[in-house]
Amino acid sequence: MFDDGAHPLNSLGFAKAPKDTRVVVAMSGGVDSSVVAAMLAEEGYDVVGVTLQLYDHGAALAKKGACCAGRDIHDARRVAEEMGFPHYVLDYENIFQDAVIDEFADSYLAGATPVPCIRCNERVKFKDLLNTAKDLDADCMATGHYIQRVMGDTGPELHSAADANRDQSYFLFSTTPEQLSYLRFPLGHLPSKDATRALAAKYGLSVADKPDSQDICFVPNGNYAQVIEKLRPGAAEPGEIVDHNGNVLGKHKGVIHYTIGQRRGLGIGGLADPLYVVKLDVDNRQVVVGPKDMLATRKIPVREINWLGDEPFTSRDEWVLDVKVRSTRPPREAIVRPISETEAEVELIVAEEGVSPGQACVFYDPESPRIYGGGWIWKGN
């Protein structure tokens, strides 16, 4: 089938035999990346598995529901042994601390609600690890993300996963065109997670029934405040809970224990109407609460924009797109008005509640599964 003439494209898009195509697979130890590695190994590719050690395993060894912990490194290595390809563990603890964890802590202390998984993809996996893959003379790097890479008229495009319930486009909006040309996402077309687990069973992988990770990998049990206190001693200073007119309604044990839109756990019951956290005033150590309608936002300042359109972002005064302002919410109609190549004002057609600085605002094509990038929500000037 393969000869010295023109080779047909293999499944990764290269005009050569799979055995002559080296692919580095980013292996977290979970079922998704394990299936990617096994699938490519079975197809005959020159697979190299790489797992990142991202943080101190001392507290993580016995913890379930996190990626890249000691157990996960063991699981990734075992899959590599089962499928017969080399596997390496790279110590990225210092890089991860500098590029992800420190900003997470500082952002949270500034009253934002950060999304460290996006920064990890942007600054660690798709930067340092991708460069390592190139150092290993790999033709491409594959991951277990549920997203699709589709070749368009001007190059590779980012598209939502076939399974909307598993789609990870919100966490991958900052992938640049250069990174996209090197990356591959072999699971993006699958109809469901059940299909992935069926493949794991087919390959006889020991991780076939392993539960999905739920929490941020370095935040045990989703307790953000506990981690922040450990990273920034003294961060949980008490203060006042006030209404939007400045009236004191109660006391709190630290701004870091609250998020925009929170209703429960405020400890100020007995009021006629429910109150929600509408603002975190870090400088004055105040948690500001108000009625639900104070959470509604239509205009959102966005910066650090990564644009994935065919035309320059600033080539139009406005773009009519759908935007997603939290990973758990569906895209909403919006008008995106560029201020510069990396800044914009996003106007929602219908107001959205609980828009929070530190979250991403991701741009979607209203007519197709294509993602046009996105940026970071901030407080504005």
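Just above, that's the structure.
What you are looking at is a predicted structure, and each value in this text was computed from that prediction instead of being measured.

Trainee: Got a sec to walk through the sheet that holds strand β3 (residues 87–91)? Specific residues and values, please.
Mentor: Across the sheet, 5 strands lie side by side as β3-β2-β1-β4-β7; this open sheet has parallel pairing. With partners counted over all chains shown, the strands left at the sheet margins are β3 and β7 (183–184), one partner each. Judged from the 3 bridges that link them, strand β1 (residues 22–26) and strand β4 (residues 140–142) form a sheet pairing that is parallel. By the bridge assignment for β4, Val23 is matched with Cys140.

Trainee: Break down helix α3 (residues 93–109) for me, with residues and values.
Mentor: Given 3.6 residues per turn, any residue in an α-helix points the same way as the ones three and four places further on. Residue Ile101 marks the point of greatest curvature in α3, where the axis turns by about 30 degrees. Of the residues making up α3, those classed as buried are Phe96, Ala99, Val100, Ile101, Phe104, Ala105, Ser107 and Tyr108. Where α3 is buried, its residues contact α4 (116–135) and α7 (224–231). Immediately downstream of α3, the backbone of Gly111 shows phi near 90 degrees, a positive value.

Trainee: Which residues make up unusual backbone geometry, and what values go with them?
Mentor: Peptide bonds are, in most cases, trans, and in most cases residues other than glycine have a negative phi. At Asp137, a residue that is not glycine, the phi angle is positive and equals roughly 60 degrees. You can see Asp137 is positioned in the loop between α4 and β4. One non-glycine residue, Glu304, lies in positive phi territory at about 55 degrees. Of note, Glu304 is situated in strand β12 (residues 296–307).

Trainee: Before we move on, could you go through the packing of helix α1 (residues 31–42) against helix α6 (residues 193–202) and cite the residues and values that matter?
Mentor: Close contact between α1 and α6 brings their axes to 9 Å; oriented N to C, the two are set at 55 degrees. Compared by their axis directions, α1 and α6 come out oblique. Taken as a pair, α1 and α6 cross one another with a handedness that is left-handed. Judged by residue contacts, Val31, Asp32, Val35, Met39 and Glu42 of α1 engage Lys193, Thr196, Arg197, Leu199, Ala200 and Lys202 from α6. A per-class count over the contact of α1 with α6 returns 5 nonpolar, 1 polar and 5 charged.

What counts and how
- Residues numbered from 1 in each chain as written.
- Predicted model: local features only at pLDDT ≥ 70, side-chain atom pairs only at ≥ 80, totals over all residues.
- Heavy atoms only, no water.
- Pairing = 2+ DSSP bridges.
- Helix = DSSP H or I, 4+ residues; strand = E, 2+ residues; numbered from the N terminus.
- Bend = angle between axes of the 7 residues up to and from the residue.
- Buried < 20%, exposed > 50% of the residue type's maximum accessible area, 1.4 Å probe, protein only.
- Contact = heavy atoms within 4.5 Å.
- Axes fitted to C-alpha atoms, helices over the stretch in contact; angles between N-to-C directions.
- Parallel < 35°, antiparallel > 145°, perpendicular 65-115°, else oblique.
- Left-handed = near helix turned anticlockwise from the far one by under 90°.
- Nonpolar A, V, L, I, M, F, W, Y, C, P; charged D, E, K, R; others polar.

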